[in-house]
Amino acid sequence: MKRILVSGGAGFIGSHLCTRLVNEGHDVICLDNFFTGSKDNIKHLMGNHHFEVVRHDVTYPYSAEVDEIYNLACPASPIHYQHDPIQTAKTSVMGAINMLGLAMRVNAKIMQASTSEVYGDPIVHPQPETYWGNVNPIGFRSCYDEGKRCAETLFMDYHRQNNVRIKIIRIFNTYGPHMLPNDGRVVSNFVVQALQNNDLTIYGSGEQSRSFQYVDDLIEGMIRMMDTDDDFTGPINLGNPNEFSILELAEKVIAMSGSKSKIVFKPLPHDDPKQRQPDITLAKEKLGWAPTIELDEGLRHMIEYFKDYKI
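Model, not experiment: these values are computed from the prediction. (Residues numbered from 1 in each chain as written. Predicted model: local features only at pLDDT ≥ 70, side-chain atom pairs only at ≥ 80, totals over all residues. Heavy atoms only, no water.)

1. Details of the layout of surface pockets
Estimated volume of the second largest pocket: approximately 180 Å³. Together, Ser38, Asp40, Asn41, Lys43, His178, Met179, Leu180, Tyr305 and Tyr309 line the second largest pocket. (1 Å grid on protein atoms, 1.4 Å probe; cavity = no way out; pocket = protein on both sides within 12 Å on 5 of 7 lines; lining within 4 Å. Points joined across faces, edges and corners; volume = space filled by probe spheres on them.)

2. What to know about helix α6 (residues 215–226)
With 12 residues, α6 extends 17 Å from end C-alpha to end C-alpha; this agrees with the ideal 16 Å at 1.5 Å per step. Burial analysis of α6 places 9 of its 12 residues in the buried class, which makes it a mostly covered element. (Helix = DSSP H or I, 4+ residues; strand = E, 2+ residues; numbered from the N terminus. Expected span 1.5 Å × (residues − 1). Buried < 20%, exposed > 50% of the residue type's maximum accessible area, 1.4 Å probe, protein only.)

3. Here's the deal with empty space enclosed by the protein
In the structure shown here, the tally under the stated rule is 1 cavity of 30 Å³ or more. Volume-wise, the largest cavity comes out at about 40 Å³. In terms of lining residues, the largest cavity is bounded by Asn71, Leu72, Ala73, Thr91, Ser92, Gln112, Lys148 and Ala151. Those elements giving two or more residues to the lining of the largest cavity turn out to be α3 (85–106) and α4 (142–162). By residue class, the composition of the lining of the largest cavity is 3 nonpolar, 4 polar and 1 charged. (Nonpolar A, V, L, I, M, F, W, Y, C, P; charged D, E, K, R; others polar.)

4. Here's the deal with the packing of α3 against α4
Closest axis-to-axis distance for the α3/α4 pair is 8 Å, and the angle between their directions is 15°. Considered as vectors, α3 and α4 are oriented roughly parallel to each other. Regarding α3 and α4, the two cross each other, and that crossing is right-handed. Each of Pro85, Thr88, Ala89, Ser92, Val93, Ala96, Ile97, Leu100, Gly101 and Met104 in α3 lies in contact with α4, whose residues at this interface are Cys143, Tyr144, Gly147, Lys148, Cys150, Ala151, Leu154, Phe155, Tyr158 and Asn162. Counted by class, the contact of α3 with α4 contains 14 nonpolar, 5 polar and 1 charged residues. (Axes fitted to C-alpha atoms, helices over the stretch in contact; angles between N-to-C directions. Parallel < 35°, antiparallel > 145°, perpendicular 65-115°, else oblique. Left-handed = near helix turned anticlockwise from the far one by under 90°. Contact = heavy atoms within 4.5 Å.)

5. Considerations on the nonpolar core
Judged by nonpolar contacts, the single largest core of 59 residues is most densely connected at Ile13, Leu17, Tyr70, Val187, Phe190, Met222 and Leu249. Ranked by the residues each element gives to this core, the list is headed by α6, at 7 residues. Look past the residues within four positions of Ile13 in its chain and what remains in contact with it is Leu72, Ile171, Val215, Leu218, Ile219 and Met222. Grouped together as the second largest cluster of nonpolar side chains are 25 residues, Val58, Ala73, Ile110 and Val164 included. (Core = buried A, V, L, I, M, F, W, Y, C linked by side-chain atoms within 4.5 Å.)

What follows is the structure, encoded as C-alpha cells:
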C-alpha cells in the first residue's frame, strides 16, 4: 500500500484515477479547489477510509507525507482555462513548483499530467515526443499551452538539479464519464447537444482531425508510467492514434444517440490545431501500453452517462 496525493483529484481524469488507486488498496489524498472539479465525481469514495479530500489551491504550498504525487490540477478545456488565463498560468507553473517542492522534501515520485497542447498546431504528423511543437506564445490558448510547457521545464530541472524522481505524460484528447456537460470539449459537447436534439456545432469545416482516447485507457497508461524505473522520466504520449475528423465524430454521435439534431458550422477559434494524432511507439515499447477501447464503445458509455445526468 502506498500513500498517494492526486492534485485535481475531483476533476474528470483525477476522479477516475482516485477510484482506481483506492480500489487497488492505496491511501489517497484528493487535493482540489473545485473550480472545475466536482464532489459528485468522488462521492462514491467519501465513505472509504482509504480516501480523504482536501480543498486546496495548488498555487499555495501544501504538505503531506506521501510516496507518490500525480499533478493533474489545472482547468483543461478552453472555456475554463480562458476564463481566467492568469490564474491558469499560475496553476500550471506555481502548482508545479509547489508539488515538486513537496516531492523533493518527502522524496516522493511525482508525475506531471502534461498535454498534447505542448505541440501547438503541429507541422509534424503524427506527433512524436521528440517534436518540439508549433505554439503561439501570445495567443488566447497560450495560458494553457505555455503553462504546461513551462511545467515540463520545471519538472526536468528539478530532476536534473535536485534528483527529484519525475514522470511526464502528454495526454491527448480524452473523454468519458465525469466530463462537465458545459466544458466546451468536442465529445461532451456533441453528446449533450445530440441528446437534447439541438444542432451540433462544428467550428471550422469539420475536416480538422482528432484522436479520441477513453479515460480508462489513459488511467492504465498513467499507472504503468508511474511504475517504470526511476531512470525513465518521459515525456511519453498517451492517446489513441486512431484519427477521426470532427465531422465524422458529429455524424457518429447523431447516429448512435438516435438524435434528430442537424450539424451547423461556425468560425474556427484562434489557434485551433488542424490535426492531432499521437505517435505511441514509445508507450508501446516502455509501458507495453496501447488503447483497447475504441470510439464506438466509448461513445456508448458517454451517451448512457449523459442520459442519466441532470443537464
